[in-house]
Structures are given as C-alpha cells and as structure tokens.
Amino acid sequence: MKKIYFSADAHGSTYVWRKWISVVSVYKPDILILAGDLTGKAFVPLIRQSDGSHSCTYFGGKFNLKTDKEVKEMVDRLESAGAYPFIATPEEIQELKSDENKLNELMDREIRNRLRKWMEMLVEKVDTKNVMTIAMPGNDDFLTMDQVIKDFEDKGVIYPLEKVVEFPYGYQMVSLDYVNPTPWNTDREMDEKALLKKIDELVSKVDDPHKAVLNFHCPPFQTQLDMAPKLDRTMRPVIVAGSVVMVHCGSKAVRKAIEKYQPLIGLHGHIHESFASDKIKNTPVVNPGSEYSEGILRGFIVELTEDGLGNYWKVEG
C-alpha cells in the first residue's frame, strides 16, 4: 500500500507551508502533493518614519514598530498569515500608488521570492528520493511562478503540468491548473468548452483513464466540493435571514470529464469553504479546502493499493 498526502491553497502562508512539509514525519506519505494556489492575497507596507520606527496597518489595527526585533516579529507574523510585507518610505509608497508597472514588478518579485524560499525549505527538509514531492500552481498564481518550481526539478521536485506522472502499481496522474471563470478574473481561467477540450487532451495521454488520478485544481460542479458564498454586485456575500447563501461554483467541464472517464480519484482545491469528499458515479472526489489565514493545514490522505483505491480520509492541524 502507498499513501498520498494531498493539500492545496496555501496562499502565501509560510506557516501552512512548513506544516505541509512536516506531514512527511507525521503521516509518512509516499507521495506529497500541494496543488495550487501558492500565492497570498495581500501586500503590507512597513512604512519607515522619520524617527527610525516603522508603521504598519493590518490584522485590524495600526502598529508602531520601534525596534528591529519588533519589525522582524511583524514580518514573521505577516508571512505566516499569507501576506507579503515590504519596507518602504512614504515617498516610495506614493510612487507605487501612481505607477502600476512598479507596483506589479514589486508584487511579482515578492511572490517569486517567497516561493523560492519555500522551495529551498522543501528540498532541505524532504528526502525527495524517497518521497515523490509534487508542487504546482493554481489559478491565482502568476505565470512567472512556474519557472521557480521547475528550477527545483533537478533536486527531485516534480512539476506535474503538461505531463503524465507515474505512480506506483501502474497508476498515472495528470494535472490542470486552470479553472472556469471567476469574478476575480485570475491568471489561469478558461471557459467550460476550452476546459473540456484541455481535459480530453490530458486524459488521452494516460494508458487507462480508470487507473488515472485527475489532479485538477478546479472541483467538479454541483458536488460537496464546490460550495462557496454567493456574491452581490459589490462582491460581498449575500446574507438571508442571518445566513450566508451558498452556491455551486465548480466546473461543469470537470464534472462531465469525471462522468465520462470514471478515473480512480479526483483531487481538487480552489474552493476554500468546501472541505469535503463526494462521489461522481463510482469515482471519489476530494477537496481539502483551506484556512490558510488561520494557519490551519487541511489535507486528504489517500491510499493506493495494487487492487485499486484504498481508504481516503480528511486530516487537519
């Protein structure tokens, strides 16, 4: 029996990334997967003041950091929460506000630097010769991030996109980073027709679709994996009678492909609120969801046996 530890949506949280690496010593997986999104959602300036201190607004409050120790502690706290702290003068902040290109350059640089730091941590802590170690981007990740992961392939990290990954017992995995359109117009989105075509191309590469693991960041439509809050025109959750209204947001193309091919299992992420498993016909599908901002790592352990899929279950910590 071989064991997969599958997780997704770390969203910039170094604390969650460290936990993901540490599961190797806790659950002893043979295959370790983190399948997008890797990028955080906030950039937080620590603004240098004339008296040498730094001001910072986050976590619902304003902080005045007087010593280097306080600055370092705030940087560590922000990184753990998935934010990207950077030090700047008030003049530099004004320049970033007025120059979109400079702001984009800063964001891209900080995101790639964080990922490179994570990858260095990964190959230092995990024996990639004995644990298949797989990392990939998702829809929230800039296209420039792929190369950072590829830079660590010679150290044993597997970048799984556009290839078939061979698992023990003759199982194979194909992976997809793109999702159906979202309200946020992220970097890796396709309409359902294009997604289905892409999925058909990927599945055509495996020897037997019934023995395939479909590692698709987007969950299938109308399952327990794709429930997210309904948003109004201002992008705020719709609340009725004190409760948030939830709707299905997954991909119809992903669902259609699973119905058609009936793979061994579907591994998905993307929708943070849906920490769940479900079935489409005889195929189990799982989504570990995400609570990265709370420092919680969620995952699924999946057992592979010579005779097929074994047990699979949720874990978090």
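Here's what I pulled together on the structure shown here. (Residues numbered from 1 in each chain as written. Predicted model: local features only at pLDDT ≥ 70, side-chain atom pairs only at ≥ 80, totals over all residues. Heavy atoms only, no water.)

### Some details on the nonpolar core
Turning to step 1, where the next piece is worked out: Counting 52 residues, the largest nonpolar core has W17, W20, I33, M119 and F167 as its most contacted members.
Turning to step 2, where the next piece is worked out: At the level of elements, β1 (2-7), α1 (14-27), β2 (31-35), α4 (100-125), β7 (132-136), α5 (145-150), β16 (265-267) and β19 (298-305) are the ones that each hand at least two residues to this core.
Turning to step 3, where the next piece is worked out: If you look at the next biggest cluster of nonpolar residues, it comprises 21 residues, including V174, L202, C218 and V254. (Core = buried A, V, L, I, M, F, W, Y, C linked by side-chain atoms within 4.5 Å. Buried < 20%, exposed > 50% of the residue type's maximum accessible area, 1.4 Å probe, protein only. Helix = DSSP H or I, 4+ residues; strand = E, 2+ residues; numbered from the N terminus.)

### Remarks on the side chain of E189
Turning to step 1, where the next piece is worked out: Among the structural elements, E189 can be located in the loop between β10 (172-176) and α6 (192-203).
Turning to step 2, where the next piece is worked out: Despite its burial, E189 pairs with no opposite charge, the nearest such side chain being K41 at 9.9 Å.
Turning to step 3, where the next piece is worked out: Here the side chain of E189 touches T182 through a polar contact of 2.6 Å, side chain to side chain.
Turning to step 4, where the next piece is worked out: If sequence neighbours within four positions are ignored, E189 has contacts with Y178, V179, N180, P181, T182 and W184. (Lys, Arg positive; Asp, Glu negative; His and termini not counted. Salt bridge = Lys/Arg side-chain N within 4 Å of Asp/Glu carboxyl O. Polar contact = N/O pair within 3.5 Å; in protein donor to acceptor, adjacent residues only side chain to side chain. Contact = heavy atoms within 4.5 Å.)

### Observations concerning the packing of helix α3 (residues 90-98) against α4
Turning to step 1, where the next piece is worked out: The geometry of α3 relative to α4 is characterised by a closest axis approach of 5 Å and an angle of 105 degrees between their N-to-C directions. When the axis of α3 is compared with that of α4, the two are roughly perpendicular. Contact residues: E95, L96 and S98 in α3; E100, K102, L103 and L106 in α4.
Turning to step 2, where the next piece is worked out: Split into classes, the residues belonging to the contact of α3 with α4 amount to 3 nonpolar, 1 polar and 3 charged. (Axes fitted to C-alpha atoms, helices over the stretch in contact; angles between N-to-C directions. Parallel < 35°, antiparallel > 145°, perpendicular 65-115°, else oblique. Nonpolar A, V, L, I, M, F, W, Y, C, P; charged D, E, K, R; others polar.)

### Looking at the sheet that holds strand β17 (residues 276-280)
Turning to step 1, where the next piece is worked out: If you walk across this open sheet you meet the 6 strands as β9-β10-β11-β16-β18-β17, and the pairing is mixed. Looking along the sheet, the strands with just one partner apiece sit at the ends: β9 (165-166) and β17.
Turning to step 2, where the next piece is worked out: The strands that α6 touches are β10 and β11 (212-216); relative to β10, the one it contacts most, it runs at about 155 degrees. (Pairing = 2+ DSSP bridges.)

### Comments concerning α4
Turning to step 1, where the next piece is worked out: Along its 26 residues, α4 runs 38 Å from first to last C-alpha, staying within 8% of the 38 Å computed at 1.5 Å per residue.
Turning to step 2, where the next piece is worked out: For α4, the full list of buried residues reads L106, D108, I111, R114, L115, W118, M119, M121 and L122.
Turning to step 3, where the next piece is worked out: The N-cap of α4, judged by a side-chain oxygen 3.1 Å from the amide nitrogen of N101 a few residues on, is D99. (Expected span 1.5 Å × (residues − 1).)

### So, empty space enclosed by the protein
Turning to step 1, where the next piece is worked out: In this structure the tally under the stated criterion is 1 cavity of 30 Å³ or more.
Turning to step 2, where the next piece is worked out: Every residue along the wall of the largest cavity is listed here: S7, A8, D9, V16, G289, S290, E291, Y292, I296, L297 and R298.
Turning to step 3, where the next piece is worked out: Of the residues contributing to the lining of the largest cavity, the split by class is 5 nonpolar, 3 polar and 3 charged. (1 Å grid on protein atoms, 1.4 Å probe; cavity = no way out; pocket = protein on both sides within 12 Å on 5 of 7 lines; lining within 4 Å. Points joined across faces, edges and corners; volume = space filled by probe spheres on them.)

### A word on unusual backbone geometry
Turning to step 1, where the next piece is worked out: In this model, G36 is joined to D37 through a cis peptide bond whose omega is -20 degrees.
Turning to step 2, where the next piece is worked out: Tracing the chain through its elements places D37 in the loop between β2 and β3 (42-48).
Turning to step 3, where the next piece is worked out: With phi around 60 degrees, D9 is a residue other than glycine that occupies positive phi space.
Turning to step 4, where the next piece is worked out: Note that D9 resides in the loop between β1 and α1.
Turning to step 5, where the next piece is worked out: The backbone of N185 sits at a positive phi, close to 50 degrees, despite the residue not being glycine.

Spatial relationships are all this shows, so hold off on functional conclusions.
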